[in-house]
Amino acid sequence: RYSLDEIDTFLTVMELGTVTAAAARLNLSKSVVSRRITEFETTLGAALFRRHAGRIVPTETALRLAERLRKARRPRGLAFITRHSRSSGKAPGVLR
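Residues numbered from 1 in each chain as written. Predicted model: local features only at pLDDT ≥ 70, side-chain atom pairs only at ≥ 80, totals over all residues. Heavy atoms only, no water.

Q: Can you walk me through helix 3 (residues 30–44) in this structure?
A: The α-helix advances 3.6 residues per turn, and as a result positions three or four apart in sequence lie on the same side. For helix 3, built from 15 residues, the straight-helix expectation of 21 Å at 1.5 Å per residue is met to within 8% by its first-to-last C-alpha distance of 21 Å. Where helix 3 is concerned, the buried positions are Val32, Val33, Arg36, Ile37, Phe40 and Glu41. After helix 3 finishes, the residue Gly45 shows a positive phi value of roughly 75 degrees. (Helix = DSSP H or I, 4+ residues; strand = E, 2+ residues; numbered from the N terminus. Expected span 1.5 Å × (residues − 1). Buried < 20%, exposed > 50% of the residue type's maximum accessible area, 1.4 Å probe, protein only.)

Right, dumping it as structure tokens:
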């Protein structure tokens with residue numbers, strides 16, 4: 001199973017294009033961002049990025065997945081839940 005933190009981290013890396021920029025935005029270390037991406041890839045059983053000479057390039061799988069996750073995230077308010085749960089450890093409200 002994957003976590004909302006892994007999804008948020010993946011989408012932030014996709015948006016900003018680098019682990020360093022994503023780490024800065026998420027207020028995390030680069031190693032935590034890299035670990036979350038690796039764990040997400042392991043859970044999915046697919047490579048999301050090609051790594052070469054310190055750069056990352058999204059795979060076709062990553063591009064398709066990011067599009068689907070962005071669409072799914074908007075109407076359900078997952079962006080807010082993810083940010084809130086990261087800071088407090090709990091999601092707000094009642095899940096219905």
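Q: Which parts of the structure should I look at to understand the pairing of strand 1 (residues 49–52)?
A: In the case of a regular strand, side chains alternate between the two sheet surfaces. Both strand 1 and strand 2 (residues 55–58) contribute to a ladder of four bridges, which runs antiparallel. Bridged to His52 within strand 2 is Arg55. Between strand 1 and the antiparallel strand that follows it, strand 2, lie two residues; Ala53 among them carries a positive phi value of about 50 degrees. (Pairing = 2+ DSSP bridges.)

Q: Whenever I open this one, the nonpolar core confuses me. Can you help?
A: A general feature of soluble globular proteins is that nonpolar side chains tend to end up buried together. Membership of the largest hydrophobic core comes to 17 residues, with the highest contact counts inside it found for Phe10, Phe40, Leu48, Phe49 and Leu69. Elements supplying a minimum of two residues to this core: helix 1 (4–16), helix 2 (19–26), helix 3 and helix 4 (60–76). Apart from residues no more than four positions distant in its own chain, Leu48 is found in contact with Phe10, Phe40, Glu41, Val57, Pro58, Thr59, Thr61, Ala62 and Leu65. (Core = buried A, V, L, I, M, F, W, Y, C linked by side-chain atoms within 4.5 Å. Contact = heavy atoms within 4.5 Å.)

Q: What am I meant to see in the environment of Ser3 here?
A: The topology assignment puts Ser3 in the segment before helix 1. Sequence separation between Ser3 and Glu39 is 36 residues, and the spatial gap between their C-alpha atoms is 9.8 Å.

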